[in-house]
Amino acid sequence: MNRVLLLKATGLVTAIAAITLLVPGCSGTPDGKRQNDWPADHAGPKVVVSFAPLYSFAASVAGDDAIVKNVMTSKGPHDFDPTADDIALVTQADLFFVVGLGLDEKKAEVMRTRSGNKNMKIIELGEQLDKKDLCEGFCTHADHGADHKHDTDPHVWLSPTHAAKLVGFIRDELKSKDPAHAAGYDARAAAYIEKLNAVKAYGTEKFKDKQDKKLVSFHDSLAYFEECFQLNVRGVLTKKPGQDVSNKEMTELIRICTKKTSPVRVILTEPQYSTSSQGEILRKELVNSGVTDPVLVEFDTLETVRPDELTPDWYEKKMRDNIDRLAEKMK
Ligand SMILES: [Zn+2]
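Bear in mind that the values here come from a model prediction, so they are computed numbers and not experimental data. (Residues numbered from 1 in each chain as written. Predicted model: local features only at pLDDT ≥ 70, side-chain atom pairs only at ≥ 80, totals over all residues. Heavy atoms only, no water.)

Draft legend 1. Local environment of the sheet that holds strand β4 (residues 121-124). Spatially, 4 strands are ordered β2-β1-β3-β4 in an open sheet, and the strand pairing comes out parallel. Each edge of the open sheet is held by one strand with a lone partner, namely β2 (67-70) and β4. Put simply, the sheet's adjacent strands are angled 25° from each other on average, direction ignored. Here strand β1 (residues 46-49) runs beside strand β3 (residues 95-98); their pairing, made up of 3 bridges, is parallel. (Pairing = 2+ DSSP bridges. Helix = DSSP H or I, 4+ residues; strand = E, 2+ residues; numbered from the N terminus. Axes fitted to C-alpha atoms, helices over the stretch in contact; angles between N-to-C directions.)

Draft legend 2. Quick peek at the coordination of the zinc ion. His78 (NE2), His155 (NE2), His219 (NE2) and Glu303 (OE) make up the full set of protein donors to the zinc ion, lying at 2.0 to 2.2 Å. Around the zinc ion, the 4 donor atoms sit at angles spanning 99 to 125°, and that spread fits a shape best called tetrahedral. Sequence spacing among the residues donating to the zinc ion works out to H-x76-H-x63-H-x83-E. Residue His155 is located in the loop between β4 and α5 (160-177), and its partner His219 is located in strand β5 (residues 214-219); the two are separated by 64 residues in the primary sequence. Here His155 matches His219 in class, with each residue buried. (Donors = N, O, S within 2.8 Å, 3.2 Å for Na, K, Ca; no water. Tetrahedral: all angles 85-135°; square planar, octahedral: opposite > 155°, others 65-115°. Buried < 20%, exposed > 50% of the residue type's maximum accessible area, 1.4 Å probe, protein only.)

Draft legend 3. Layout of the pairing of strand β7 (residues 266-269). Taken together, the 2 bridges between β5 and β7 define a ladder with parallel strand orientation. Residue pairing across strands places Leu215 opposite Val266, the latter belonging to β7. In this structure, β7 lies alongside strand β8 (residues 295-298), joined through 4 bridges in parallel fashion. Each residue of the ladder has a partner; that of Ile267, found in β8, is Leu296. Handedness of the crossover is the feature at issue here: the chain leaves β7, passes through helix α9 (residues 278-288), returns alongside β8, and the resulting connection is right-handed. (Right-handed = clockwise from strand over helix to strand, strands pointing away.)

Draft legend 4. Representation of the pattern of salt bridges. One pass over the full model with this rule turns up 21 salt bridges. Linking Asp133 and Lys165 is a salt bridge whose minimum nitrogen-to-oxygen distance equals 2.8 Å. Within this pair, whereas Asp133 is found in the loop between β4 and α5, its partner Lys165 is found in helix α5, the two being separated by 32 residues in sequence. Residue class for Asp133 comes out buried when judged on its relative accessible area of 12%. Its relative accessible area of 32% is what places Lys165 among the partly exposed residues. Across the salt bridge formed by Glu252 and Arg255, the nearest N and O atoms sit 3.0 Å from each other. One end of the pair, Glu252, and the other, Arg255, are both in helix α8 (residues 247-257), 3 residues apart, so they sit about a helical turn from each other. Of the residues examined, Glu252 reaches a relative accessible area of 25% and is grouped as partly exposed. Several salt bridges share partner residues, and in doing so they unite Lys132, Asp133 and Lys165 into one network. (Salt bridge = Lys/Arg side-chain N within 4 Å of Asp/Glu carboxyl O.)

Draft legend 5. Region of the structure containing the pairing of β4. When β3 meets β4, the two strands line up parallel, connected through 4 bridges. Following the sheet pairing, Phe96 is matched in β4 by Ile122. For the crossover that starts at β3, traverses helix α4 (residues 105-115) and ends in the parallel β4, the hand is right-handed.

Draft legend 6. Fine view of the confidence of the model for the chain. Per-residue confidence for the chain averages 88 on the pLDDT scale, and 85% of its residues sit at or above 70. Confidence drops under a pLDDT of 50 for residues 1-34, and excluding neighbours within four residues, the segment shows 15 contacts in the predicted structure. Under a pLDDT of 50 for its full length, residues 140-148 has, in the predicted model, 8 contacts with residues more than four places off or in other chains. (pLDDT = per-residue confidence, 0-100. Contact = heavy atoms within 4.5 Å.)

Draft legend 7. Region of the structure containing the sheet that holds β8. The strand order β6-β5-β7-β8 describes an open sheet built from 4 strands, whose pairing is parallel. Either end of the sheet is taken by a strand with one partner, and the two such strands are β6 (232-238) and β8. Taking the axes of each pair of neighbouring strands and ignoring which way they run, one obtains an average angle of 30° across the sheet. Helix α10 (residues 314-329) rests against β5, β7 and β8 of the sheet, and its axis sits at about 170° to β8.

Draft legend 8. Examining helix α6 (residues 182-207) more closely. Taking 1.5 Å of rise per residue, 26 residues should cover 38 Å, and α6 covers 38 Å from first to last C-alpha, within 8% of that figure. Residues of α6 that are buried include every one of Ala182, Tyr185, Ala189, Tyr192, Ile193, Leu196, Val199, Gly203 and Phe207, and no others. At its buried positions, α6 is contacted by α2 (52-62), α5, α7 (223-229) and α10. (Expected span 1.5 Å × (residues − 1).)

Draft legend 9. Geometry of the environment of Lys331. Locating Lys331 in the fold gives a position in the segment after α10. Look past the residues within four positions of Lys331 in its chain and what remains in contact with it is Lys210, Gln211, Asp212, Arg265 and Asp293. There is a polar contact of 2.9 Å between the side chain of Lys331 and the side chain of Asp293. (Polar contact = N/O pair within 3.5 Å; in protein donor to acceptor, adjacent residues only side chain to side chain.)

Written as structure tokens, this is what we have:
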């Protein structure tokens, strides 16, 4: 670059910098505040949660006594990287609820470190469940060598029974942070747990007369849903969400799904990974192998959310939608 051009370029950068300083709101909303600013006129606990189901749980218990904010939206816990706004959000938070179990706790730790908020407590809700309530990840390996270890499946929120326990842990944490409003947290948690029990009863009723409860899940996420509603997950399409199955894994899935005595016809897809063709590839293979009426069913594992849809009753609605779609296609 010659000197004249360099001077022009430098001038341009200076001008842009000056405009940036003059225009309010370049780092956030039109009033110049970051979107994540907490209300100044609320003395209650400031609570962040890692992703959407935990928002429904915490906001339902918090009522007006605590402020709850959700971190992950379009990218769920498998793919999320915090932005500067996310870090700004946790800078003032008191409590950070995560699932833990290897899913999201490290991301919360990174956010705490980067924010410098040493006072914020990170609560790993899944770790508080009884060990006997936890499932191992799905496994189709035939070779169980000494080096072969299963991780815990972290998708505990997909069982309303487990969700109710997580709600209890959230209630206890809020009570200990804000004892003056303990009665409110108790009452709202009890009311919300009733709603979760109703979701379980709804699903139990919908699935009870199904003769064939076998399915293949999209990613390894259905263990708790399966257990809660007594379904039968025979395999998973992708070991890592967003990553295609290998030829070897697809061959094994086809073998599992085309067994003459126990064919599998229900294959789950996920809205988070809607561009994946893996489910359709398997479905066509099953058609070609003579399995009767193989179908794709969209199942939302509730790991992402459109921010404008996120309300305290979001979890219940989405779970009922999942139950409805699956029950409609199961026979
Ligand atoms: Zn997942």
